[in-house]
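Fold and contact review
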Amino acid sequence: MNEHTTVSAKQLCTLVFLSLAVDMAVRPFTSGGSAGAQILAAVLNTAVVSILLLPVLGLLRREAFTTLKGGVTFGSKALLTLSAVLFAAGGAAAMVRSEAFFRYVSDEPMPQLLVYGLFLLVVFYALRCGLESIVRVLGLAAGLFLLSMALMLVSNLGGVHLSNLTFQPFDFPEVLRTAARGFTLPPELPLFCLLSLHANREKRRPLLKTLALLCVFYIGLTFCSEAVLGMKAQLQQQTIHTLSRLGSISVFRRLDALHIAAWMLAELCKVAALAYGVQSALTPLLPHSQRGGKT
């Protein structure tokens, strides 16, 4: 990474928010439980992930990971290698999931190799542009994604009926089962930690607030899905895409194409960020003569 490259806490948090929020749109949304269980499970999982991150964020605050920049010790080399593998696997999984989603929503799907080729071309170009360019595009993509979600909400207001909401007795075992099925530690979290080593020093790690916002965002989507679809929400393969197809505004009878464009842009940004994470993790492992001005 170029030693003069710096990003802000807000930009890194935007990266985490967009990368995790778009997953709610391009992969199966429901986790098998009732809406109430999903909401409580989301709160529980957010609390667990936040607790697990506290010691890591504490070490970052004390600059305990600064040796990772040089990759000189065995421990730092092993951690950087593991991080690179994790980011590569996360990026590959995101491309596979995006291609499957695009094939699902397309009347005439593009060939798989063409879709993957376009993803790789975008990633290559993003790596040439650098981190600062990536996070700037991420900010734009996040704005379009949130606009898409707001438009989807507005277009479905006519279909919102509180009678569709199901009220069930509190079932703690069901909440635990739903939480266990939906629990994950996404690669975007260690990516945030790695990139934050090169971030501006002032207030650069408000990650826990971002996770809380993601939880609220998930709860909002769950409530909207239940209010519009009722019990049918749990039967949908792609719940949020179903909402995008149902919603309409005035003369615009179908808005799902606009939503899909915003979501795919967000996925491209996510893959590019993970690819940059791979490059950033591997660069300190190279001999100084092969780093090309990077540290």
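Figured I'd write up the structure that's included with this text. Being a predicted model, the structure only gives us computed values, none of them experimental.

Glancing now at the overall build of the chain. Helix and strand counts for the chain come out as 11 helices and zero strands. Beginning at the N terminus, the succession of helices and strands in the chain can be written as α-α-α-α-α-α-α-α-α-α-α. In the chain, which comprises 295 residues, the share counted as buried stands at 47%. A sequence separation of at least 24 residues applies to 82% of the contacts in the chain between residues at least 6 apart. Accessible area for the chain stands at about 15000 Å²; split by element, carbon and sulfur atoms hold 67% of it.

Right, let's get into the packing of helix 3 (residues 35-61) against helix 8 (residues 188-196). Relative to each other, helix 3 and helix 8 sit at 15 degrees, their axes nearing to 11 Å. Comparing the axis directions of helix 3 and helix 8 gives the class roughly parallel. Relative to helix 8, the crossing made by helix 3 is right-handed. Counting all contacts with helix 3, which are made through V49, L53, V56 and L60, the residues of helix 8 involved are L189, C193 and S196. Here the contact of helix 3 with helix 8 is composed, by residue class, of six nonpolar, one polar and no charged.

On to the environment of P284. With respect to the element layout, P284 can be found in the segment after helix 11 (256-282). Considered as a pair, P284 and S76 are 208 residues apart in the sequence and their alpha carbons are 9.4 Å apart.

Moving on: the packing of aromatic side chains. Applying the stated criterion to the full structure yields three aromatic pairs. Geometrically, the ring pair formed by F17 and F217 is edge-to-face, given 5.7 Å between the ring centres and 65 degrees between the ring planes. Placement of F17 in helix 1 (residues 9-21) and of F217 in helix 9 (residues 207-229) is noted, with a sequence separation of 200 residues between them. An identical accessibility class is assigned to F17 and F217; each is buried. On the numbers, 6.0 Å between centres and 45 degrees between planes, the contact of F101 with W263 is tilted. Highlighted residues: F101 in helix 4 (residues 74-105) and W263 in helix 11, separated in sequence by 162 residues.

On inspection of all chains with the given rule, the structure shows four salt bridges. Between R97 and D23 there is a salt bridge; the shortest N-O distance is 3.1 Å. With R97 in helix 4 and D23 in helix 2 (residues 23-26), this pair connects stretches of sequence that are 74 residues apart. The exposure class assigned to D23 is buried, which follows from its relative accessible area of 7%. Two residues, E99 and R103, come together in a salt bridge whose shortest N-O distance is 2.6 Å. Of the two residues, E99 and R103 are both situated in helix 4; the distance of four residues between them amounts to about one turn of the helix. Under the relative-accessibility criterion, E99 is labelled buried at 2%. For R103, a relative accessible area of 38% translates into the label partly exposed. Residues joined in a network through salt bridges with shared partners are D23, R97, E188 and K270.

At 3.6 residues per turn, the α-helix brings residues three or four places apart onto the same side. Over its 18 residues, helix 5 (residues 112-129) runs 26 Å from end to end, which matches the ideal 26 Å to within 8%, given 1.5 Å per residue. Just beyond helix 5, the residue with positive phi is G130, at close to 100 degrees.

Quick look at helix 1 now. For helix 1, spanning 13 residues, the distance from its first C-alpha to its last is 18 Å, which sits close to the expected 18 Å at 1.5 Å a residue. Of all 13 residues that make up helix 1, 10 are buried, and the element is covered over most of its length. All of the buried residues in helix 1 are A9, L12, C13, L15, V16, F17, L18, S19, L20 and A21.

With 72 residues, the main nonpolar core has L18, F145, M149, F217, I240 and W263 as its most contacted residues. With 14 residues, the single largest contributor to this core is helix 11.

Time to look at the environment of A141. Relative to the helices and strands, A141 resides in helix 6 (residues 131-155). For the pair A141 and L18, spaced 123 residues apart in the sequence, the C-alpha separation amounts to 8.0 Å. Those residues in contact with A141, other than ones at most four positions away along the chain, are L18, L265, A266 and C269.

The next point concerns a nonpolar patch on the surface. Residues L40, L44, V48, L52, F170, F172, L176, F183 and L185 make up a contiguous nonpolar surface patch of roughly 790 Å² in combined accessible area. No other element matches the four residues that helix 3 contributes to the nonpolar patch. Mapped onto the elements, L52 comes out in helix 3.

Parameters and conventions
Residues numbered from 1 in each chain as written. Predicted model: local features only at pLDDT ≥ 70, side-chain atom pairs only at ≥ 80, totals over all residues. Heavy atoms only, no water. Helix = DSSP H or I, 4+ residues; strand = E, 2+ residues; numbered from the N terminus. Buried < 20%, exposed > 50% of the residue type's maximum accessible area, 1.4 Å probe, protein only. Contact = heavy atoms within 4.5 Å. Areas by Shrake-Rupley, 256 points an atom, 1.4 Å probe, with all protein chains shown as cover. Axes fitted to C-alpha atoms, helices over the stretch in contact; angles between N-to-C directions. Parallel < 35°, antiparallel > 145°, perpendicular 65-115°, else oblique. Left-handed = near helix turned anticlockwise from the far one by under 90°. Nonpolar A, V, L, I, M, F, W, Y, C, P; charged D, E, K, R; others polar. Phe/Tyr/Trp six-rings, centres within 6.5 Å; stacked < 30°, edge-to-face > 60°. Salt bridge = Lys/Arg side-chain N within 4 Å of Asp/Glu carboxyl O. Expected span 1.5 Å × (residues − 1). Core = buried A, V, L, I, M, F, W, Y, C linked by side-chain atoms within 4.5 Å. Patch = residues over 30% accessible without salt bridge, like charges linked within 9 Å, V, L, I, M, F, W, Y side chains within 5 Å.

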